[in-house]
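Residue-level structural notes
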Amino acid sequence: MKTLWQLVRSSLGRKYLMAATGFLLFSFVVIHLAGNLKVFLGADDLNHYAHMLKHRAWALWGFRLGLLAIALVHVTCGLTLVLENRRARPHAYAQSHTIQAPLASLTMAISGLGLAAFLAFHLLHFTVQAGKFAEYAEMRSPIAAEPGIMQAIAPVEAGKTYPDVYAMVVQAFSTPWIAIVYFAGVGLLAFHLSHGLQSMFQTMGWRSDATRPGLMRLARIVALAVFLGMASVPAAVLFEWIR
Ligand code: HEM
């Protein structure tokens, strides 16, 4: 317990916590992206996958609370580091050679808060289905299940209806302003990821003069891949590649 407190109190400890929680959040993004791409396999595949995720309430809520705790540690450590950074260098912006580090951490804080705002919209939109999005709750359909891992974990029954996440996604992104909000949100995610991965490499001590260009390229390629993968879903609906 004492060691954990010491870790939280030291700025180096918080950098390690940022790297570890950032990596876990990044892993969630990759899994979520793989799930989203199921939209290209058709309604049954996506809807069965969504059913599997929500099949066991205890697992769903355990996962949600775990993710929330990880996100809170990441945001709290990030914001306290930025504030300490600014307090330690009140005149940083007047000195060109010290500009880079505080400016990078400030843009990370701003893009991170923007991402949190997008996430709040996203959860109200698809998970809570607040306000006019309540119409999604009425979208249900039967699922034609193939024998396989999803059917073994979360069986679906013939003749029963399940939430039609595919129809919800198509309905949502047929509205251009919603697709634009998502393009902006995943754009922020890509920006935050590209810088965040580079910081993580530095904290882990992997960044040297020799590895720096390669790691920088890797972070940018990963961020671009996440952007293109995430954005492909609203784009596919908007341009009627899927309907
Ligand atoms: C175009 C991009 C995205 C699409 C199409 C998308 C799609 C979805 C859908 C359909 C759900 C609801 C699943 C269901 O009700 O079964 C969902 C939930 C969720 N998404 Fe996304 N998402 C996108 C981007 C993101 C991003 C960038 C993040 C985080 C950085 C994110 C985080 C979440 C979270 C935390 C949930 C809630 C899971 C739960 O119910 O506990 N999503 N997303």
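Look up: the structure comes first, before these words.
A brief report on the enclosed structure follows. (Residues numbered from 1 in each chain as written. Predicted model: local features only at pLDDT ≥ 70, side-chain atom pairs only at ≥ 80, totals over all residues. Heavy atoms only, no water.)

1. Quick notes on unusual backbone geometry
Peptide bonds are mostly trans, and most non-glycine residues show a negative phi. Residues other than glycine seldom take positive phi values, yet Q129 does so here, at roughly 55°. Mapped onto the elements of the fold, Q129 is located in the loop between helix 5 (100-127) and strand 1 (140-141). One non-glycine residue with positive phi stands out, namely E240, at about 60°. Here E240 is to be found in the segment after helix 9 (212-238). A relative accessible area of 48% places E240 in the partly exposed class. (Helix = DSSP H or I, 4+ residues; strand = E, 2+ residues; numbered from the N terminus. Buried < 20%, exposed > 50% of the residue type's maximum accessible area, 1.4 Å probe, protein only.)

2. Some remarks on the nonpolar core
With 22 residues, the main nonpolar core has V39, F126, Y136, V169 and F173 as its most contacted residues. Of all the secondary structure elements, the ones that give two or more residues to this core are helix 3 (43-54), helix 5, helix 7 (165-173), helix 8 (176-203) and helix 9. When residues of this core are assigned to their parent elements, the largest contribution, seven residues, is made by helix 7. What Y136 contacts, discounting residues up to four positions off in sequence, is H125, F126, Q129, M168, Q171 and A172. If you look at the next biggest cluster of nonpolar residues, it comprises 18 residues, including A19, L189, L197 and M230. (Core = buried A, V, L, I, M, F, W, Y, C linked by side-chain atoms within 4.5 Å. Contact = heavy atoms within 4.5 Å.)

3. Let's talk about the pattern of salt bridges
Counted under the stated rule, the structure contains three salt bridges. Where E84 meets R14, a salt bridge forms, and the shortest distance between an N and an O atom there is 3.0 Å. Placement of E84 in helix 4 (residues 57-88) and of R14 in helix 2 (residues 11-36) is noted, with a sequence separation of 70 residues between them. Of the residues examined, E84 reaches a relative accessible area of 32% and is grouped as partly exposed. (Salt bridge = Lys/Arg side-chain N within 4 Å of Asp/Glu carboxyl O.)

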